[in-house]
Structure formats: structure tokens, C-alpha cells
Amino acid sequence: MTAAPAPVVVTGTGTDVGKTIATAALAALARSAGLDTGICKPIQTGLHPGEPGDADEAARLSGVRRVLEVRRLPDPLAPETAARVAGLPQSTLEELLGPIRRWLGEPSGPVSATSRLDLVEGAGGVLVRLGTDLTILDLALALDAPVIVVTRAGLGTLSDTELTVRAIEAAGLRCAGIVIGSWPNDPDLAERSNLEDLPRLTGVPVLGRVPQGAGALSPTEFTRDAAQWFHDDLFDALR
Ligand SMILES: Nc1ncnc2c1ncn2[C@@H]1O[C@H](COP(=O)(O)OP(=O)(O)OP(=O)(O)O)[C@@H](O)[C@H]1O
Ligand SMILES: [Mg+2]
């Protein structure tokens, strides 16, 4: 059995851009393609024990069963802030990496780089602190993971997306591409233009567009439709 391939980190231009839904869509597609698929949320904030977190929601929609949430903090804040206001210790890279590496080492069968996809969803945008001086970029570097950027569709997304891609590349990481977290049924001029401008300005492709309202589909419908939301060469872009 070979070592598990690097996971893919899913970050975004901010909170509420659709990272969880995009992660679910990528996972659904990977499962349909026969890949052993896992979903990890290193730190979940804003929820109490027993409440379904982002990883649980993405797993529900996609049918994925290999799920890991490393740490949960009660207040709906950036993780570093949530730990501070709760009077709890800050997370360290080692404390997050250890469980993630163990989880990555626990496949449900023999693995190779093309038979498996593990997705790691960040919290909020790319520079949100997971702990003191710790961002999702540090985790991606330690895991040798390419990074996907989930972004908004409309006016204002160009600068946010370019800043995010530049921060990823400045950290020495590879940005595999962009996924639009919620694509409207009737796109306006800005949204249509962004499809052309996003790849031109960032230098990375738009790998997919999750339609608005997709989160309300049943898991069966969600998985059935997910293949239509991404480019055919999606998995090549992730390798
Ligand atoms: N394509 C979509 N279809 C339906 N609902 C969506 C879609 N994209 C986002 N949403 C909704 O928008 C809200 C924010 O999306 P989501 O939770 O995926 O954001 P996020 O980027 O993961 O945020 P966080 O930083 O909190 O993890 C959620 O209520 C979600 O259900
Ligand atoms: Mg989320």
C-alpha cells in the first residue's frame, strides 16, 4: 500500500461564500468517480457538541462517510478569537496536523494518488487565524496540499479572489483553481463578465460553479447533478 496522496485544501475569499457546499459538491463528484473520499474541517466554530458541523453537512449532501473534525469552539467567530473569548488554549499546527495525518493514513482500502480524494475545509478566508500566527496556508504547506478558492459570483469578487490567489502563491503553494460557491440562475452582467476576468486576472482556472440553491437539494439529487457543475478536467487540476 502506498502512502496517502496529499489532500486538497478548500479555502475561500471569506466566510459564507459557499465553501461547505463546494466541498460537498467536489466530494459528491469524487465519490461518483469511484474515489475513496474524505472530508475534514480542522476547526469548527459557532456550534456546540452534537450539532452538525460543516464537515457533517458536506458529508450528508455528498454521502461521504470518512469525516474528521479536529476541534470545535462554541462562539461563531474566527477560531483564534473564539478560543480567546472562551478562555481556551490556542490551537497549534502540531495539534491540528497530528489527527489529520492519522486520519489521512486510515483509508478504507488500498490507495493510490488517483483512487482517493481528501478535502480539508478552512474557516472563513485565507488569512483567518486558526491559532496564534496560524492560518490554513500553514496547514496546506505542512500537508503539501494544493488549494482551491471558493469565491462569490458577483460584483466585488475580482479583487477578493485575486488577493486570495496571490496570498496562496506567495506562501509557496499551488492554487489549483476557483470554484464559484453560488452561481445564480439568471447571471447579471458583472457575474457573466467575472467568468472571463477571474481566470485572466488570477492566472488559475474556474473549475466549477455550484448553482444557487444546490444546498437544498436532496443528497441523491445533489450527487446526480454535481458532475454538471465542474469542468471535465477537474481531477487533473487537483493533481
Ligand atoms: N450553492 C448554494 N446553494 C444553496 N445554499 C448555498 C449555496 N452556497 C452557499 N449556500 C448557503 O449560504 C450559506 C453559506 O454557505 P457555506 O456555509 O457553504 O459558507 P462557507 O464559506 O462554508 O462559510 P464558513 O466560513 O462559515 O465555513 C449557507 O447557509 C449555505 O447553505
Ligand atoms: Mg463552511
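Residues numbered from 1 in each chain as written. Chains lettered and ligands numbered in written order. Predicted model: local features only at pLDDT ≥ 70, side-chain atom pairs only at ≥ 80, totals over all residues. Heavy atoms only, no water.

Asker: Describe the environment of Ala86, and please don't skip the residues or the numbers.
Answerer: Inspection of the secondary structure assignment puts Ala86 in the loop between helix H3 (79-85) and helix H4 (93-104). Separated by ten residues in sequence, Ala86 and Pro76 place their C-alpha atoms 11 Å apart. (Helix = DSSP H or I, 4+ residues; strand = E, 2+ residues; numbered from the N terminus.)

Asker: I'd like a description of the site of ligand 1, backed by residues and values.
Answerer: Near ligand 1 you find 19 residues, and of these Thr15, Lys19, Thr20, Asp54 and Ala214 are the closest. Interatomic distance of 3.4 Å between a backbone N/O atom of Ile21 and an oxygen atom of ligand 1. In this structure, Glu121 approaches ligand 1 through a side-chain N or O atom, which is 3.0 Å from an oxygen atom. A total of 620 Å² of accessible area belongs to ligand 1 in isolation, and the protein chains cover 70% of it. Those elements that provide at least two residues to the shell around ligand 1 are helix H1 (19-32), strand S6 (175-183) and strand S7 (206-211). Among the residues making up the shell around ligand 1, the classes are represented as five nonpolar, nine polar and five charged. (Near = heavy atom within 4 Å. Polar contact = N/O pair within 3.5 Å; in protein donor to acceptor, adjacent residues only side chain to side chain. Areas by Shrake-Rupley, 256 points an atom, 1.4 Å probe, with all protein chains shown as cover. Nonpolar A, V, L, I, M, F, W, Y, C, P; charged D, E, K, R; others polar.)

Asker: Break down the packing of aromatic side chains for me, with residues and values.
Answerer: Counting across every chain of the model gives one aromatic pair. Here the aromatic rings of Phe222 and Trp229 are separated by 5.2 Å at their centres, their planes lie at 75°, and the arrangement is edge-to-face. The ring of Trp103 has Arg66 sitting right over it, with the charged end atom 5.3 Å from the ring centre. Above the ring of Trp183, the side-chain terminus of Arg209 is found at 4.9 Å from the ring centroid. (Phe/Tyr/Trp six-rings, centres within 6.5 Å; stacked < 30°, edge-to-face > 60°. Lys NZ or Arg CZ within 6 Å of the ring centre and 35° of its normal.)

Asker: Which residues make up unusual backbone geometry, and what values do they have?
Answerer: With phi around 50°, Asp133 is a residue other than glycine that occupies positive phi space. Structurally, the position occupied by Asp133 is in the loop between strand S4 (116-121) and helix H5 (136-143). Residues other than glycine seldom take positive phi values, yet Asp144 does so here, at roughly 60°. Assignment of secondary structure puts Asp144 in the loop between H5 and strand S5 (147-151). Here Asp144 falls in the exposed class, since its relative accessible area comes to 62%. (Buried < 20%, exposed > 50% of the residue type's maximum accessible area, 1.4 Å probe, protein only.)

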